[in-house]
Amino acid sequence: MPAFEQDWARALEDSRHSYSLSPLHDVVRTWQARLEAAPAVDAFEASGRDDADGVDLADILDSRR
């Protein structure tokens, strides 16, 4: 199952149990940020630079909240 569908299904189940739309909003915000970052990530990968000292995308996205 594609990653978005997995995230969405998990958030939908969380929303059903909590009666809150927050998990769904979080998934949408996270994927919007990933889509916005995609061109920069593609350009970086195409440049051939070393990414051994990279930062996990989840850490960056969590800091935006």
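Calculation notes
Residues numbered from 1 in each chain as written. Predicted model: local features only at pLDDT ≥ 70, side-chain atom pairs only at ≥ 80, totals over all residues. Heavy atoms only, no water. Helix = DSSP H or I, 4+ residues; strand = E, 2+ residues; numbered from the N terminus. Rg over C-alpha atoms; globule rule 2.2 N^0.38 Å. 1 Å grid on protein atoms, 1.4 Å probe; cavity = no way out; pocket = protein on both sides within 12 Å on 5 of 7 lines; lining within 4 Å. Points joined across faces, edges and corners; volume = space filled by probe spheres on them. Nonpolar A, V, L, I, M, F, W, Y, C, P; charged D, E, K, R; others polar. Expected span 1.5 Å × (residues − 1). Bend = angle between axes of the 7 residues up to and from the residue. Buried < 20%, exposed > 50% of the residue type's maximum accessible area, 1.4 Å probe, protein only. Axes fitted to C-alpha atoms, helices over the stretch in contact; angles between N-to-C directions. Parallel < 35°, antiparallel > 145°, perpendicular 65-115°, else oblique. Left-handed = near helix turned anticlockwise from the far one by under 90°. Contact = heavy atoms within 4.5 Å.

A. The arrangement of the overall build of the protein in detail. Looking only at helices and strands, the protein has 3 helices and 0 strands in total. Moving toward the C terminus, one meets the helices and strands of the protein in the order α-α-α. Taking 11 Å as the expected radius of gyration for a compact globule of 65 residues, we find that the protein reaches 15 Å, considerably beyond that expectation. Along the three orthogonal principal directions, the C-alpha set of the protein runs to about 45 × 25 × 20 Å.

B. Highlighting the layout of surface pockets. Roughly 350 Å³ of volume is contained in the largest pocket. Val 41, Phe 44, Gly 54, Val 55 and Ile 60 are, among the 13 residues lining the largest pocket, the residues nearest its centre. Secondary-structure elements contributing two or more residues to the lining of the largest pocket are helix H2 (22-47) and helix H3 (57-63). If you tally residues by element for the lining of the largest pocket, the top one is H2, at 5 residues. When its residues are assigned to classes, the lining of the largest pocket shows 7 nonpolar, 1 polar and 5 charged. Empty space within the second largest pocket amounts to approximately 210 Å³.

C. Spotlight on H2. Between its first and last C-alpha, H2 extends 37 Å over 26 residues, near the 38 Å set by a 1.5 Å rise per residue. Maximum bend of H2: about 40°, positioned at Ala 38, with proline Pro 39 one to four residues after it. Restricting attention to buried positions, one finds in H2 the residues Pro 23, Leu 24, Val 27, Thr 30, Trp 31 and Ala 33. Where H2 ends, the next residue or the one after it, Gly 48, has phi of about 80°, a positive value.

D. Representation of the packing of helix H1 (residues 3-18) against H2 in the model. Following both chains from N to C, one finds H1 and H2 inclined at 160°, their axes separated by 8 Å at the closest point. With respect to H2, the axis of H1 lies roughly antiparallel. Remark: the crossing between H1 and H2 carries right-handed chirality. Contact residues: H1 offers Ala 3, Phe 4, Asp 7, Trp 8, Ala 11, Leu 12, Asp 14 and Ser 15, while H2 offers Pro 23, Leu 24, Val 27, Val 28, Trp 31 and Arg 34.

Everything listed here is a matter of geometry and, on its own, says nothing about what the molecule does.
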